[in-house]
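Breakdown of the fold
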Amino acid sequence: MKKSFKHLFFVTVSQSFKFNELLKKMLKKLMVGEGSLRGNDIEELLERLNSELDGKYLVVLDDVWGMDEGMWWNNLKSALPQVKGSCVLVTTRNEEVAKSMGATDRRIHYPQPLSNEDSWSLFSKVAFARNGGKCTNLDLEGLGKEIVARCGGLPLTIKVVGGMMLGKCDSIHEWRRILEHLEEDQLVISRLELSYEELPTNLKPCFLCLAMFPEDFEIPVRDMVNWWIGEGFVGGRNGKTAFEIGEECLAELFNRFLISGVEKDAFERRFVSCKMYDMVRDMVIKVAREESFFASLDGRGMSGSSVQPRRLGISMNTTMDSIRNSSFKLRTLVGMEIESKVIIASVKAKICKVRWLRVFSLSLSSTRIDDVMAKEYWLSGIGSLQHLVYLKIENSALRALPDSIGNLRNLQILCLYDCPNLERLPVSIATLEKLTAIEILQCWSLECMPEGLGKLSNLERLIGFMPVNTGRKNGFTFSQLKNLTSLRELVMEINSEEQIEGDWNVLSMLHHLQFLAVDFIGSSLNGDGFLWKINRQLSPPLKSLRELYLWYYPGEITPAWLSPSSLPNLQFLSIYKGSIRQMDHRFWGSDSAVWKVEVLVLAVLEEMDEEWLRMRRAMPSLRRLKVCDCPKLKSFPFNAVFEDSIGWKWSVWRKEEEEGGEAIVIHV
């Protein structure tokens, strides 16, 4: 398919959408930068789309609703060039919608239910996943085929019911009980409700949280876990942190096909966002409203149960006037892409009234806001939220957080995303002894982390911006990392030699560290003094480290600590850009120290002059490899299926990268 078209992309339209946002999504799929799309009106966006589609294209418009599609469709169609062989594919639940968009009868495809054979095959892959998709119990097979017959050949129902049976093991009693519940004349929504009823008790409130999000909303999985922790739905136990337990709960919902993954991380290992299937969303909203789990605010005010809920969701073009009616009960307040000026004024007026709030997640629609509002401490009353556990602010023009944030003695998770004007964090943050996570991303004006963070002994995540010493006297220093002995995830930027005022070996004191990412972003980091500071072996080794990312490493030779003796249990290694030419001799290991790396990523290393076969021998556990823009890597196989000297069969192919470079992806 990809070889047949110059442009091929897929966009979800959904039931409620803004035409200009749909056009922007399409242009982003064509690699148009988001910065160049701000403020563009519809006519400009249509013209840009027309100019970008400069060859044969296939466009998929998924999940189109309603009967007034003709208006926007006619506008969109006018921007699509008449290129021979190009195609627009539309999916919709409504035949009249397809016809209103110009589809003739012979061009409309009606999906049919799966056959009995295909239904059983799909069910088996899910329900018997632990046995390789094979049913080894004849009694279960008979019951299973009866269960499948009552799913009506509908793939989603089959997968959800199969996911439900995955947890029933080989209990004939449980399988027969489920069969009795699945009446033949049940509606699909009733079958899906059964999947909710069969969830473990601890998963039910986690799942109901998903009802708060708009249709086709891409939910960041980390935000979801943070919310569950804030509500108290998940917590640490049996030596695992609350974050780890939350990720296990999320994986369970994936396995049961109640949510689907949308976007994976840069190297396609784990999902970073998820969605609900439309029919599952309908079901969870129905259950959540019956249980008075949540309410939402739209342009008309409160919608949901008549009982005052404890959770409130706000989306675009809404105010918060209705909060005053339920403020004394609110435990969770989630705002998604809401208008800045309206909501900020409302927050300032109402925030002191929601004093029992545990989760406060606010994502604004734009950081563009007038100077008066930007300077104003619209969060000045936040110090009154004594029960707050999770605070997230995204896409805001805030320049500073109020000092009163130090009053939030129960705060565990602080997330600041895409706040480009944020210049400082209050020192009072260092007094929040219960903090387990600080996540700061895309806050470009922030100069340093506050002094005293080294006192936060419960901190498990320190992610994003961390300039450890920029010449200021009052700032967090690199040496203070040694006090954060509970750290499991650390992402830090190194932008000057002065930041490493002590020994790089301070990392060895982080005995629980599992994830480490270091971004060497300074232009003057290739001096001998700096490289000497960060080049020595780690002693003792980082035995807990599982994932390592090195970005823009400035040396020509890899650091001495990038070795199997210093990182004995590393499973994922990614090296992205930088000046690396050769591997240090310790990289290759020894008879007593062998790499356990299973996934290796080498990207945009234009000077790396090493033998691939030597690297392959050094990593006998390697299962997946991604190589991108490493032109000097020798002995590398292309477009082949082969068996290497260790006995593994590899399939190798090229893949075009979005940036235009070639990538080689290898599976074994």
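1. Quick look at the overall build of the protein chain
On a plain count of helices and strands, the protein chain comes out with 17 helices and 24 strands. Residues classed as buried in the protein chain amount to 51% of the 668 residues present. Counting contacts in the protein chain only where the partners sit at least 6 residues apart, residues at least 24 apart contribute 64% of the total. Carbon and sulfur atoms make up 48% of the accessible area of the protein chain, which amounts to about 31000 Å² in all.

2. Focus on the confidence of the model for the protein chain
Summary statistics for the protein chain give a mean pLDDT of 81 and a share of 80% for residues scoring 70 or more. Within the model, the stretch residues 370-376 combines pLDDT values under 50 with ten contacts to residues more than four positions away or in other chains.

3. What to know about the pattern of salt bridges
Tallied over the entire structure, the rule returns 26 salt bridges. Measuring nitrogen to oxygen at the nearest pair gives 2.9 Å for the salt bridge that ties arginine 461 to glutamate 439. Here the residue arginine 461 occupies a position in strand β15 (residues 461-464), and glutamate 439 occupies one in strand β14 (residues 437-441), the gap between them amounting to 22 residues. Neither arginine 461 nor glutamate 439 differs from the other in exposure class; each is buried. The network of salt bridges with common partners includes Arg222, Glu247, Glu439, Arg461 and Glu489.

4. Some words on unusual backbone geometry
Cis geometry marks the peptide bond from serine 539 to proline 540, where omega comes out at 0°. Unusually for a residue other than glycine, aspartate 216 sits at a positive phi of about 60°. Inspection of the secondary structure puts aspartate 216 in the loop between α10 (203-208) and β4 (219-220). Residue classification places aspartate 216 among the buried positions, given a relative accessible area of 19%. Even without a glycine there, the phi angle at valine 604 is positive, about 55°. Looking at the secondary structure, you find valine 604 in the loop between β20 (599-603) and α17 (612-618).

5. Let's talk about a negative patch on the surface
Residues Asp41, Glu43, Glu44 and Glu47 make up a contiguous surface patch of negative charge. Within the element layout of this structure, glutamate 44 appears in helix α2 (residues 42-52). Judged by its relative accessible area of 40%, glutamate 44 falls in the partly exposed class.

6. Observations concerning the packing of aromatic side chains
Inspection of every chain in the model, using the stated rule, returns 19 aromatic pairs. An angle of 70° between the planes, with centres 5.9 Å apart, marks the rings of phenylalanine 213 and tryptophan 227 as edge-to-face. Here tryptophan 227 lies in helix α11 (residues 221-231) and phenylalanine 213 lies in the loop between α10 and β4, a separation of 14 residues in the sequence. The class of phenylalanine 213 is buried, set by a relative accessible area of 8%. Seen from the ring of tryptophan 120, lysine 145 lies directly overhead, with NZ or CZ sitting 5.5 Å from the centre. Over the face of the ring belonging to phenylalanine 293 we find arginine 311, whose NZ or CZ atom lies 4.0 Å from the ring centre.

7. Concerning the nonpolar core
Of all hydrophobic cores here, the largest spans 89 residues; its most connected members are Ile438, Leu481, Leu490, Trp504, Leu567 and Leu573. Ranked by size, the runner-up nonpolar core spans 52 residues in total, among them Val221, Leu250, Phe254 and Val287.

8. Topic: the environment of glutamate 451
Mapped onto the secondary structure, glutamate 451 falls in the loop between β14 and β15. Residues glutamate 451 and proline 426 lie 25 residues apart in sequence; the distance between their C-alpha atoms is 9.3 Å.

9. Structural notes on helix α1 (residues 19-29)
Residues of α1 that are buried include every one of Phe19, Leu22, Leu23, Lys24, Met26 and Leu27, and no others. Once α1 ends, the next one or two residues include methionine 31, with phi positive near 70°.

10. Here we look at the packing of α11 against helix α12 (residues 242-255)
Axis separation between α11 and α12 bottoms out at 9 Å; the angle between their running directions is 120°. Between α11 and α12 the crossing geometry is right-handed. Residues Val221, Met224, Val225, Asn226, Trp228 and Ile229 of α11 form the contact with α12, whose own contacting residues are Ala242, Phe243, Gly246, Glu247, Cys249, Leu250 and Leu253. Taken together, the residues of the contact of α11 with α12 sort by class into ten nonpolar, two polar and one charged.

Reading the values: the criteria
- Residues numbered from 1 in each chain as written.
- Predicted model: local features only at pLDDT ≥ 70, side-chain atom pairs only at ≥ 80, totals over all residues.
- Heavy atoms only, no water.
- Helix = DSSP H or I, 4+ residues; strand = E, 2+ residues; numbered from the N terminus.
- Buried < 20%, exposed > 50% of the residue type's maximum accessible area, 1.4 Å probe, protein only.
- Contact = heavy atoms within 4.5 Å.
- Areas by Shrake-Rupley, 256 points an atom, 1.4 Å probe, with all protein chains shown as cover.
- pLDDT = per-residue confidence, 0-100.
- Salt bridge = Lys/Arg side-chain N within 4 Å of Asp/Glu carboxyl O.
- Patch = residues over 30% accessible without salt bridge, like charges linked within 9 Å, V, L, I, M, F, W, Y side chains within 5 Å.
- Lys, Arg positive; Asp, Glu negative; His and termini not counted.
- Charge placed at Lys NZ, Arg CZ, Asp CG, Glu CD.
- Phe/Tyr/Trp six-rings, centres within 6.5 Å; stacked < 30°, edge-to-face > 60°.
- Lys NZ or Arg CZ within 6 Å of the ring centre and 35° of its normal.
- Core = buried A, V, L, I, M, F, W, Y, C linked by side-chain atoms within 4.5 Å.
- Axes fitted to C-alpha atoms, helices over the stretch in contact; angles between N-to-C directions.
- Left-handed = near helix turned anticlockwise from the far one by under 90°.
- Nonpolar A, V, L, I, M, F, W, Y, C, P; charged D, E, K, R; others polar.

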